[in-house]
Amino acid sequence: MEDRRDIEDWPYGNIESIRKKVFPGYHDVVDLMQRARIEMKAFERPDDPNTKFIIDIRTTNSVKQYTVINNFFKALKVRDLNSSHLIVNDELIIDAKAFLQMTQQDRDTLIKEAETFKTIKDFDEIELSGNALNVCKKYRLVFEKQRRDGILRILTAFQVQSRKELTFGKVQFEKLEQHDIDRVINVFRESCKNYNGKCCQMIRKMADRFQVDNVLDFVAVAEYTVRRINEEIASLRHGKHNPRNKPERMKDVDYYLEIVADKFLINESGFQDNIYYEFQTKLNVCARQYLEHGLRFKTLMAAANHYDKHSYLLGKLRYETVTPDGYFKIAREMCSSPEGNPTWTQDGSSISWQNWRPDGVFASRYDNPYKGTAVIATLFVKNRRRQKCDSNPVTDTC
């Protein structure tokens, strides 16, 4: 039978019994895990899977087990003296709380994957193994190699040499934290057709027009702009426009993207202006509910973007018309008592929650336990059967 006292005593028990089982060079990692465990208990997370990992360490006596434990710690190091982050095989930076919340199997998977990443050169195709992909989706993780690759591809798309040369509105790329870099990368990879140069220029142009001053607003402007661009492309493809001048071997969708991008960048027939003023109108429509009711989205632009992106899906359920007031009312109701698999984020700054309704409405919320704040990340209709494998680790976060 499992010794529950071992779990209860862990944050305050004899840490030396653990430290003695690992080489002295790993003591800083053990000590960081100890501090993280105390912090996790302070936020009422006593039943995390890491408790089994702790018991394994404290009851290990055999030489074989001793070797396994030290091989495990060999892959880890503390980022710096005052940091709460671990570095896993030099390829994954993760807060100790986020690392401890995992099962031992998931931790082992990440350690092996990080070791494999060392052999991948910049711009080589990065493909996670099946198990690692599932772990990364489960905990919303990004490897350093993935981040470096994304940065290089953005610099290439804009034909610049360093992050210092790139701004999006008032957002300075070189000064972004890792989680914000991940959001920017995801926008240019997913929304910009895998770093398409002209698509990247359109997003940057609109960010400049709105003079966005934070990454959440940049993501909101980018996603809204791309939706309007895609609508224009669809209109051309299904209209009478004949791609007679399309270069050989060029896909239709790429050809139409070139046409729409050129139209946008030179503001032909006020095309760019129309998108700008449409979003400005959407902001004005949402502003009253945002200011009066505290929508819990972190910014007004984020709220307006999510309303534009997802409200029509709610209307397809049982709401004939989902007004901003109706949409944000649903958001407040669903996120007042979040449920399901609270998870520490990779940087350890917040805890994510998920909430589902039987009719398929999904909401996600992020709590910052240090500031006592909570913000809605997203609200939309989704097939619950795809819940575990279809979440976006970057853009649908606050």
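Residues numbered from 1 in each chain as written. Predicted model: local features only at pLDDT ≥ 70, side-chain atom pairs only at ≥ 80, totals over all residues. Heavy atoms only, no water.

Caption draft 1: Inspection of helix α13 (residues 252-265) at higher detail. Across its 14 residues, α13 extends 20 Å between first and last C-alpha, which sits within 8% of the 20 Å expected from 1.5 Å per residue. Those residues of α13 that sit buried are Y255, Y256, L257, V260, A261 and F264. Immediately beyond the C-terminal end of α13, within one or two residues, lies N267, with a positive phi of roughly 55 degrees. (Helix = DSSP H or I, 4+ residues; strand = E, 2+ residues; numbered from the N terminus. Expected span 1.5 Å × (residues − 1). Buried < 20%, exposed > 50% of the residue type's maximum accessible area, 1.4 Å probe, protein only.)

Caption draft 2: Inspection of the packing of helix α9 (residues 144-158) against helix α10 (residues 178-191) at higher detail. Where α9 contacts α10, the axes come no closer than 10 Å and their chain directions differ by 55 degrees. Classed by the angle they form, the pair α9 and α10 counts as oblique. The interaxial crossing formed by α9 with α10 has left-handed handedness. Contacts between α9 and α10 pair E144, R147, G150, I151, I154 and F158 from the former with Q178, I181, D182, V184, I185 and F188 from the latter. A per-class count over the contact of α9 with α10 returns seven nonpolar, two polar and three charged. (Axes fitted to C-alpha atoms, helices over the stretch in contact; angles between N-to-C directions. Parallel < 35°, antiparallel > 145°, perpendicular 65-115°, else oblique. Left-handed = near helix turned anticlockwise from the far one by under 90°. Contact = heavy atoms within 4.5 Å. Nonpolar A, V, L, I, M, F, W, Y, C, P; charged D, E, K, R; others polar.)

Caption draft 3: Representation of the pairing of strand β2 (residues 85-88). Residues H85 and I87 of β2 are buried on one face, and the alternating residues L86 and V88, pointing to the opposite face, are buried as well. The sheet contact formed by strand β1 (residues 76-78) and β2 spans three bridges and is antiparallel. Note that in β2 the partner of L76 across the bridge is V88. Joining the antiparallel neighbours β1 and β2 is a turn of six residues. Counting the residues that bridge the hairpin from β2 to strand β3 (residues 92-95) gives three residues, and of these N89 lies at a positive phi of roughly 50 degrees. (Pairing = 2+ DSSP bridges.)

Caption draft 4: Structural view of the packing of aromatic side chains. This model, assessed by the stated rule, comprises 17 aromatic pairs. Note on F72 and F73: the rings are 5.5 Å apart at their centroids and 90 degrees apart in plane angle, and the pair reads as edge-to-face. On the accessibility criterion, F73 (1% relative accessible area) is buried. Where F168 meets F188, the ring centres are 5.5 Å apart and the plane angle is 45 degrees; that geometry is what we call tilted. Here F168, found in strand β4 (residues 167-168), pairs with F188, found in helix α10; they are 20 residues apart in sequence, far enough to count as distant. Neither F168 nor F188 differs from the other in exposure class; each is buried. Cluster of aromatic residues (ring-pair linked, three or more members): F158, F168, F173, F188 and F218. Seen from the ring of W344, K97 lies directly overhead, with NZ or CZ sitting 4.9 Å from the centre. Here R209 stacks its cationic end above the ring of Y276, 4.4 Å away from the centre of that ring. (Phe/Tyr/Trp six-rings, centres within 6.5 Å; stacked < 30°, edge-to-face > 60°. Lys NZ or Arg CZ within 6 Å of the ring centre and 35° of its normal.)

Caption draft 5: Quick look at the pattern of salt bridges. Evaluation of the coordinates by the stated rule reveals 20 salt bridges. Between K138 and D106 there is a salt bridge; the shortest N-O distance is 3.0 Å. Of this pair, K138 sits in helix α8 (residues 130-139) while D106 sits in helix α7 (residues 104-117), and the two are 32 residues apart along the sequence. Between D308 and R227 there is a salt bridge, with its nearest N and O atoms 2.7 Å apart. Of this pair, D308 sits in helix α15 (residues 300-315) while R227 sits in helix α12 (residues 215-237), placing them 81 residues apart in sequence. D308 sits in the buried class, given a relative accessible area of 15%. (Salt bridge = Lys/Arg side-chain N within 4 Å of Asp/Glu carboxyl O.)

Caption draft 6: Local environment of unusual backbone geometry. In this model, Q159 sits at a positive phi of 55 degrees, which is unusual for a non-glycine residue. Inspection of the secondary structure assignment puts Q159 in the loop between α9 and β4. Taking relative accessible area as the criterion, Q159 reaches 73% and is therefore assigned exposed. Even without being a glycine, N267 presents a positive backbone phi close to 55 degrees. For N267, a relative accessible area of 24% corresponds to the partly exposed category.

Caption draft 7: Structural view of the environment of N70. In this structure, N70 sits in helix α5 (residues 63-74). You can call N70 buried: its relative accessible area is 3%. Spatially, the C-alpha atoms of N70 and K21 are 8.0 Å apart, while their sequence positions differ by 49 residues. Not counting chain neighbours up to four residues away, the residues in contact with N70 comprise K21, V22, F23 and Y26.

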